[in-house]
Amino acid sequence: MGNKSSLLLREEEITQIHEETGFTPNQIERLYSRFTSLDRSDCGTLSREDFLRIPELAINPLCERIVHSFFADSSDDRVNFRQFTQVLAHFRPIKPSKENKLNSREEKLRFAFKMYDLDDDETISREELLSILHMMVGANISQDQLNSIAERTIVEADSMGQGKITFDDFCRALERTDVEQKMSIRFLN
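Residues numbered from 1 in each chain as written. Predicted model: local features only at pLDDT ≥ 70, side-chain atom pairs only at ≥ 80, totals over all residues. Heavy atoms only, no water.

Would you explain the pattern of salt bridges in this entry?
Following the criterion strictly, the structure yields 10 salt bridges and no others. Notably, a salt bridge pairs glutamate 20 with arginine 82, separated by 2.2 Å at the nearest N-O pair. Remark: arginine 82 occurs in helix H7 (residues 81-88) and glutamate 20 occurs in helix H2 (residues 11-21); sequence separation between them is 62 residues. Arginine 82 sits in the partly exposed class, given a relative accessible area of 34%. A salt bridge links glutamate 106 to arginine 110; the shortest N-O distance between them is 3.3 Å. Linking glutamate 106 with arginine 110, this pair stays in helix H8 (residues 105-116), spanning 4 residues, or about one helical turn. Each of Arg10, Glu12 and Glu13 takes part in salt bridges that share partners, so that together they form one network. (Salt bridge = Lys/Arg side-chain N within 4 Å of Asp/Glu carboxyl O. Helix = DSSP H or I, 4+ residues; strand = E, 2+ residues; numbered from the N terminus. Buried < 20%, exposed > 50% of the residue type's maximum accessible area, 1.4 Å probe, protein only.)

Here it is in structure tokens:
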């Protein structure tokens, strides 16, 4: 089965995906194998349901937001292999010697920001922050505590006094956070 999936990827596609994402050809073939195993309908694209069948993802409290991120640039609610690798590239560890736009600090922050920006209006409102906090902690924290956390976060991060967090505010708030490390997954070669 591993050979079957690698035969379907043309050499020029592998080269193009490597240049766009920084994944090695071997990593691309492994990702393609995983992609084809998720593609139960064997149509060359993945649906939201295909993602929701991934057990490790299904148990993540932010599952819906993570799945949403794969479909942000999709016009037909389907994701092809190239789109799949472009989203995953945000989680490649940053190598100082090799620049890759998709997994730069700014792109990792933009990806994280979009997780909180539920209505895609380029700001994070108090309600959006509360919604994400609720997804992450569920009933483990009281509503009053969640309200307090959301309010304090907005007050501390909102440089313009609008009651919302912009992308610049978000970046400043995470200035001392090692986003490069925290948003990295080790992909096997």
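Picking up where we left off.
Explain the packing of aromatic side chains to me, please; I cannot follow it from the model alone.
Both the distance between ring centres and the angle between the ring planes are used here to describe each pair of aromatic rings. The full count for this structure, using the stated rule, is 13 aromatic pairs. Taken together, a centroid distance of 6.3 Å and an interplanar angle of 20° make the contact between tyrosine 32 and phenylalanine 35 stacked. Residue tyrosine 32 and its partner phenylalanine 35 are both found in helix H3 (residues 25-38); the two are separated by 3 residues, about one turn of the helix. A single burial state applies to tyrosine 32 and to phenylalanine 35, both of which are buried. Between the aromatic rings of phenylalanine 51 and phenylalanine 84, the centroid separation amounts to 6.2 Å while the plane-to-plane angle is 40°, which identifies the pairing as tilted. With phenylalanine 51 in helix H4 (residues 48-52) and phenylalanine 84 in helix H7, this residue pair connects regions lying 33 residues apart in the sequence. Here phenylalanine 51 falls in the buried class, since its relative accessible area comes to 2%. Note on phenylalanine 84: relative accessible area 4%, which makes it buried. Taken together, the ring pairs in this structure connect Tyr32, Phe35, Phe51, Phe70, Phe71, Phe81 and Phe84 into an aromatic cluster. Above the plane of the ring of phenylalanine 23 lies arginine 92, whose end atom (NZ or CZ) is 5.9 Å from the centre. It is arginine 110 that lies over the ring of phenylalanine 167; its NZ or CZ is 4.0 Å from the centre. (Phe/Tyr/Trp six-rings, centres within 6.5 Å; stacked < 30°, edge-to-face > 60°. Lys NZ or Arg CZ within 6 Å of the ring centre and 35° of its normal.)

Mind showing me how you'd approach the packing of helix H6 (residues 63-70) against H8 here?
Packed helix pairs are specified by the crossing angle of their axes together with the interaxial distance, meaning the distance between the axes. In the contact formed by H6 and H8, the axes pass within 9 Å of each other and the chain directions differ by 125°. Compared by their axis directions, H6 and H8 come out oblique. Viewed along their axes, H6 and H8 form a crossing whose handedness is right-handed. Together, Arg65, Ile66 and Ser69 of H6 and Phe111, Lys114 and Met115 of H8 make up the contact between the two elements. Per-class residue counts for the contact of H6 with H8 are 3 nonpolar, 1 polar and 2 charged. (Axes fitted to C-alpha atoms, helices over the stretch in contact; angles between N-to-C directions. Parallel < 35°, antiparallel > 145°, perpendicular 65-115°, else oblique. Left-handed = near helix turned anticlockwise from the far one by under 90°. Contact = heavy atoms within 4.5 Å. Nonpolar A, V, L, I, M, F, W, Y, C, P; charged D, E, K, R; others polar.)

Any chance you could explain H8 here in plain terms?
Think of an α-helix as 3.6 residues a turn; residues three or four steps apart then line up on the same face. End to end, H8 covers 17 Å across 12 residues, agreeing with the expected 16 Å (1.5 Å per residue, within 8%). Regarding H8, the residues found buried are Glu107, Lys108, Leu109, Phe111, Ala112, Phe113 and Met115. (Expected span 1.5 Å × (residues − 1).)

Please clarify how the UniProt feature "domain: EF-hand" (unreviewed entry) in the protein should be interpreted in this entry.
Mapped onto the present numbering, the UniProt feature "domain: EF-hand" (unreviewed entry) falls on residues 104-139. Split by type, residues 104-139 is 67% helix and 8% strand. Its first and last C-alpha atoms lie 35 Å apart. (UniProt positions renumbered as here; feature names shortened; annotations may be inferred.)

Sorry, what's going on with the side chain of histidine 90 here?
Tracing the sequence through the fold places histidine 90 in the loop between H7 and H8. Of the residues examined, histidine 90 reaches a relative accessible area of 10% and is grouped as buried. Within the structure, histidine 90 has its side chain in polar contact with the backbone oxygen of glutamine 86 (distance 3.3 Å). Contacts of histidine 90, omitting those with residues within four sequence positions, involve Leu102, Asn103, Glu107, Lys108, Phe111 and Met183. (Polar contact = N/O pair within 3.5 Å; in protein donor to acceptor, adjacent residues only side chain to side chain.)

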